[in-house]
Amino acid sequence: MAISRKVRPSAADITASLNMMNGTDTMPQAQVQAAENVPNPQQIESGASPVQTQPVQPEKAKISTTKDTQIIFRTTEANKNSLKSFFAGYGFSLSKGIQLACFYLEQEIKAGNITIGPAGILKKER
């Protein structure tokens, strides 16, 4: 029987998950344009000048049409502080941490790895 070791996700993995959850998993247009303006290495070696482009203008902030809402649930002050410090250890607010945890649970349920019932969260045997 192999012993499994829990691996702590990297900050990049957590950030990628949050970005996917928030729908911001694409690069801003200004960064894409800046990346496109990088000269080709063959042009540099041959002495050809890179293509001259206009300076990139940053996009104006878009106003979101979706409104955030507040969810209230009861817990003890000690449990709240424990969760808050746990997620802060990974660089997240309590709200973002709970969102990420719920998103992860949803993925695991859809993948068939866990079930949720009156007894709590059960991991399926393989």
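Please refer to the structure placed before this passage.
Every value quoted in this text rests on a predicted model; they were computed, and no experiment measured them.

Each value, and the rule that gives it
Residues numbered from 1 in each chain as written. Predicted model: local features only at pLDDT ≥ 70, side-chain atom pairs only at ≥ 80, totals over all residues. Heavy atoms only, no water. Helix = DSSP H or I, 4+ residues; strand = E, 2+ residues; numbered from the N terminus. Contact = heavy atoms within 4.5 Å. Areas by Shrake-Rupley, 256 points an atom, 1.4 Å probe, with all protein chains shown as cover. Patch = residues over 30% accessible without salt bridge, like charges linked within 9 Å, V, L, I, M, F, W, Y side chains within 5 Å. Salt bridge = Lys/Arg side-chain N within 4 Å of Asp/Glu carboxyl O. Buried < 20%, exposed > 50% of the residue type's maximum accessible area, 1.4 Å probe, protein only. Pairing = 2+ DSSP bridges. Phe/Tyr/Trp six-rings, centres within 6.5 Å; stacked < 30°, edge-to-face > 60°.

Notes on the overall build of the protein
Counting its secondary structure elements, the protein contains 5 helices and 2 strands. Along the protein, from the amino end to the carboxyl end, the secondary structure elements read α-α-α-α-α-β-β. Restricting to contacts in the protein with at least 6 residues of sequence separation, those with at least 24 account for 38%. Total accessible area on the protein stands at roughly 11500 Å², and carbon and sulfur atoms take up 57% of it.

Quick word on a nonpolar patch on the surface
A surface patch of nonpolar side chains, about 270 Å² in accessible area, is lined by Ile109, Ile116 and Ile121. Positionally, Ile109 belongs in helix α5 (residues 94-111). Given a relative accessible area of 38%, Ile109 falls into the partly exposed group.

With respect to the pairing of strand β1 (residues 114-117)
Pairing between β1 and strand β2 (residues 120-123): 4 bridges, direction antiparallel. Within β2, the residue paired with Ile114 across the bridge is Lys123. In textbook terms, the turn of a hairpin is the stretch between consecutive antiparallel strands, and for β1 and β2 this stretch comprises 2 residues.

Considering the side chain of Glu108
Summarising the element assignment, Glu108 is placed in helix α5. Classification of Glu108 by relative accessible area gives buried; the value is 18%. Among all residues touching Glu108, those that are not within four sequence positions of it are Asn113 and Ile114.

Details of the packing of aromatic side chains
For the structure on display, the rule yields 2 aromatic pairs. With 5.3 Å between their ring centres and 65° between their planes, Phe86 and Tyr90 make a pair best called edge-to-face. Residue class for Phe86 comes out partly exposed when judged on its relative accessible area of 45%. Residue Tyr90 is classed as partly exposed on the basis of its relative accessible area of 28%. By the ring-pair criterion, three or more aromatic residues cluster together here, those being Phe86, Phe87 and Tyr90.

Remember that the coordinates give geometry; whether it matters functionally is a separate question.
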